[in-house]
Amino acid sequence: GFLSESAEFAQACADNGITFVGPSVENLVTFGDKTKARELAIKSGVSVVPGTTEPLTTADAAIEFVEKYGLPVIIKAAKGGGGKGMRVVRKKEDLVSLFNAASSEALASFGDGGCFVERFVTDAKHVEVQVIGDGKGNVVHLWERDCSVQRRHQKIVEIAPACHHPMEVRQAVL
């Protein structure tokens, strides 16, 4: 988090002849916007749950999404992370107030109140694979880890390997 995920910081390093050890500025910009990251995932053939394609600034589009796809959904800040600007909606009558709360928190935390909506997967496992490269084509993964132990959508514990999956699933993820 923080500076390691800041496109502005990475660009300032480049502008001042400092080598930034981390993702490219382009990658930071793309993955710093969750709707752009989602679009790239879809283009890359990654299965995703139904969700809105652009950041929403009012609850109207969220209402349309719920009318089409049903509940539960999760509202997420388009920018930022750390569990901020996220709300799970299980009852239609809570949608507008929770959208407004998520948008307000996103604006206060990240300077952008845009949010997107996705179908919420109850009791899902959060599994990540960290990939590192040297910028010269040499890339390796650091195996998979289970990040399902969370509080307010923020990871608390990461367990590696993600041993709750059968080996064939773990290998397919890698």
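Along every chain, residues carry numbers that run from 1 in the direction the sequence is written. In view of the model being predicted, local features appear only for residues whose pLDDT reaches at least 70, and side-chain atom pairs are presented and counted only at 80 or more, with totals across whole chains, interfaces and linings using the full set of residues. Derived side-chain values reflect all non-hydrogen atoms in the structure, with water molecules and hydrogen atoms excluded from consideration.

1. Brief notes about the sheet that holds strand β1 (residues 73-77)
Heads up, the rule is: We treat two strands as partners when DSSP finds at least two bridges between them. Secondary structure elements follow DSSP: runs of H or I of four or more residues count as helices, runs of E of two or more count as strands, with numbering from the N terminus. Convention adopted: a line fitted to C-alpha atoms gives each axis, helices being fitted over their contacting stretch, and angles between N-to-C directions are expressed from 0 to 180 degrees. The contact criterion used throughout is that any non-hydrogen atoms of two residues lie within 4.5 Å.
Taken together, the 3 strands give an open sheet; going across it, the order is β2-β1-β3, and neighbouring strands pair in antiparallel fashion. Only two strands of the sheet have a single neighbouring strand rather than two, namely β2 (87-89) and β3 (115-119). Across the sheet, the axes of successive neighbouring strands diverge by a mean angle of 25 degrees, strand direction being ignored. Where β1 meets β2, 3 bridges bridge the pair, whose relative direction is antiparallel. By the bridge assignment for β2, V73 is matched with V89. The strands touched by helix α5 (residues 95-110) are β1, β2 and β3; relative to β2, the strand with the most contacts, the crossing angle is about 170 degrees.

2. Describing the pairing of β1
Selection rule: Only protein chains enter the accessibility calculation, which uses a 1.4 Å probe; a residue whose area is less than 20% of its type maximum is buried, one above 50% is exposed, and one in between is partly exposed.
Counting buried residues along β1, 4 of its 5 residues qualify, which places the element largely inside the surrounding structure. Where β1 meets β3, 5 bridges bridge the pair, whose relative direction is antiparallel. Along β3, the bridge assignment pairs I74 with E118.

3. Focus on the pattern of salt bridges
Basically, it comes down to this: Salt bridges are defined by distance alone: a side-chain nitrogen of Lys or Arg within 4 Å of a carboxyl oxygen of Asp or Glu.
This structure, assessed with the given rule, holds 11 salt bridges. In this structure, R38 and E118 form a salt bridge, with 2.8 Å as the shortest nitrogen-oxygen distance. Of the two residues, R38 is situated in helix α3 (residues 34-43) and E118 in strand β3; the sequence distance between them amounts to 80 residues. Side by side, R38 and E118 carry an identical accessibility label, which is buried. A salt bridge links K76 to E118, with the shortest nitrogen-to-oxygen separation between them at 2.9 Å. Of this pair, K76 sits in strand β1 while E118 sits in strand β3, placing them 42 residues apart in sequence. Note on K76: relative accessible area 23%, which makes it partly exposed. Residues joined by salt bridges that share partners form a network here, namely E128, R145, K155 and E158.

4. Looking at unusual backbone geometry
Put simply, L71 and P72 share a cis peptide bond, and its omega is 0 degrees. Of note, P72 is situated in the loop between α4 (59-69) and β1. Following A160, the chain continues into P161 via a peptide bond in cis, with omega recorded as -5 degrees. Summarising the element assignment, P161 is placed in the loop between β6 (154-159) and α6 (167-173). For D123, which is not a glycine, the phi torsion comes out positive at approximately 60 degrees.

5. Structural notes on the sheet that holds strand β5 (residues 139-151)
Across the sheet, which stays open at both edges, the 3 strands sit in the order β4-β5-β6 with antiparallel pairing between neighbours. Of all strands in the sheet, those bounded by a partner on one side alone are β4 (127-133) and β6. Here the average twist between neighbouring strands, direction ignored, is 45 degrees. Pairing of β5 with β6 involves 4 bridges; the strand directions are antiparallel.

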